[in-house]
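Fold and contact review
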Amino acid sequence: RRGRQPVRCARALSRPDRAGDHGLQQRSGSRVLLTTGHRMIRAAALAGAVAPSSRYLARAMARAAHGADALVELGAGRGPVTRALAQGYPELRLVVVEMRNDLALHLRREFKAAEIHAAPAAVVLRNLTGLPAATGVVSSLPFRSMPKALRHDTVCSILEFLRHGQGRFVVQFTYYPGAPFAV
């Protein structure tokens, strides 16, 4: 089987059209077409797993982030990896990204020293400033189940973020046996 082709990121990244929407709802004029049941199904499609990452996986991901001068976590969920990063690297700037507002609120309550962003990873990565060259991106994003446009925007933003600092790297967890995207 051939390897994955690098992602082409020429098109502009989309921005959320209103707070909390992030382009995930289908609209017809001003009428929202998704019902609560559809929202639950869509939210499940954006989740990487039914249960939070184990503490063993979280610790392994944190160990893989050694050598960073700052950390950005993408797809924090309920925070098991955030906890391992905060405990393993208490002296580092920790930026945590979780698209779901309810989970971001939980993270803000539990991790007071971290910078928590309730927005898509692409939006946050484009706007982060003041990070050192050796910033590690630790991701549990479910690339395989993301809607195609969101996945493309996210991958492009990660690749662009990596280009802006020598020594930047990504630690990505996936259930799939191969890399979720080519670099």
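Look up: the structure comes first, before these words.
If you're wondering where the values come from, they're calculated on a predicted model, not measured in any experiment.

Rules used throughout
Residues numbered from 1 in each chain as written. Predicted model: local features only at pLDDT ≥ 70, side-chain atom pairs only at ≥ 80, totals over all residues. Heavy atoms only, no water. Helix = DSSP H or I, 4+ residues; strand = E, 2+ residues; numbered from the N terminus. Contact = heavy atoms within 4.5 Å. Areas by Shrake-Rupley, 256 points an atom, 1.4 Å probe, with all protein chains shown as cover. Buried < 20%, exposed > 50% of the residue type's maximum accessible area, 1.4 Å probe, protein only. Pairing = 2+ DSSP bridges. Axes fitted to C-alpha atoms, helices over the stretch in contact; angles between N-to-C directions. Core = buried A, V, L, I, M, F, W, Y, C linked by side-chain atoms within 4.5 Å. Right-handed = clockwise from strand over helix to strand, strands pointing away. Phe/Tyr/Trp six-rings, centres within 6.5 Å; stacked < 30°, edge-to-face > 60°. Lys NZ or Arg CZ within 6 Å of the ring centre and 35° of its normal.

Counting its regular elements, the protein contains six helices and seven strands. Mapped from its N terminus to its C terminus, the protein presents α and β elements in the order β-β-α-α-β-α-β-α-β-α-β-α-β. Expressed as a percentage of contacts within the protein between residues at least 6 apart in sequence, the contacts between residues at least 24 apart total 64%. Counting only carbon and sulfur atoms, one obtains 54% of the accessible surface of the protein, whose full area is about 10,600 Å².

What follows covers helix α3 (residues 80–88). Those residues of α3 not exposed but buried are Pro80, Val81, Thr82, Ala84 and Leu85. Looking at the packing, one finds that the buried side of α3 touches α2 (55–64), β3 (70–74), β4 (93–97), α4 (101–110) and β6 (135–139).

This part takes up the environment of phenylalanine 161. Note that phenylalanine 161 resides in helix α6 (residues 148–163). On the basis of relative accessible area, phenylalanine 161 is assigned to the buried category, the value being 6%. The sequence separation of phenylalanine 161 and arginine 126 amounts to 35 residues, and the corresponding C-alpha distance is 7.3 Å.

Strand order across the open sheet formed by five strands is β5-β4-β3-β6-β7, with parallel pairing between neighbours. Of all strands in the sheet, those bounded by a partner on one side alone are β5 (115–117) and β7 (169–172). Across this sheet, the average inter-strand angle for adjacent strands is 15°, counted without regard to direction. Of the pairings in the sheet, the one linking β4 to β5 comprises three bridges and is parallel in character.

Of all hydrophobic cores here, the largest spans 23 residues; its most connected members are Val72, Leu74, Leu125, Leu128, Phe143, Ile158 and Phe161. Elements represented by at least two residues in this core include exactly β3, β4, α5 (121–127) and α6. For this core, the element with the highest residue contribution is α6, accounting for six residues. In this structure, phenylalanine 161 is in contact with Val72, Leu125, Leu128, Leu131, Thr135, Val137 and Arg168, ignoring residues within four places of it in sequence. Membership of the second largest hydrophobic core comes to 22 residues, among which are Ala62, Ala68, Leu85 and Phe173.

This paragraph deals with the pairing of β3. For β3, the tally of buried residues reaches five of five residues, placing the bulk of the element in the interior. Where β3 meets β4, five bridges bridge the pair, whose relative direction is parallel. Counted as the bridge partner of leucine 71 is leucine 94 from β4. In this region the chain leaves β3, passes through α3 and returns to the parallel neighbour β4; the handedness of that crossover is right-handed.

Further remarks concern the packing of aromatic side chains. Taken as a whole, this structure holds one aromatic pair when the rule is applied. Between phenylalanine 143 and phenylalanine 181, the aromatic rings sit 5.1 Å apart at their centres with planes inclined by 65°, giving edge-to-face as the arrangement. One end of the pair, phenylalanine 143, is in the loop between β6 and α6; the other, phenylalanine 181, is in the segment after β7, with 38 residues separating them in the sequence. We classify phenylalanine 143 as buried; its relative accessible area is 2%. The ring centre of phenylalanine 161 lies 4.1 Å from the NZ or CZ of arginine 168, which sits over that ring.

For the rest of this paragraph, the subject is the pairing of β7. The side chains of a regular strand alternate, residue by residue, between the two faces of the sheet. Of the strand pairs in this sheet, β6 and β7 are connected by four bridges, and their pairing is parallel. Directly across from serine 139, in β7, lies its bridge partner glutamine 172. Tracing the backbone out of β6, into α6 and back to the parallel element β7 gives a crossover that is right-handed.

Such coordinate-based values are descriptive only and should not be taken to indicate function.
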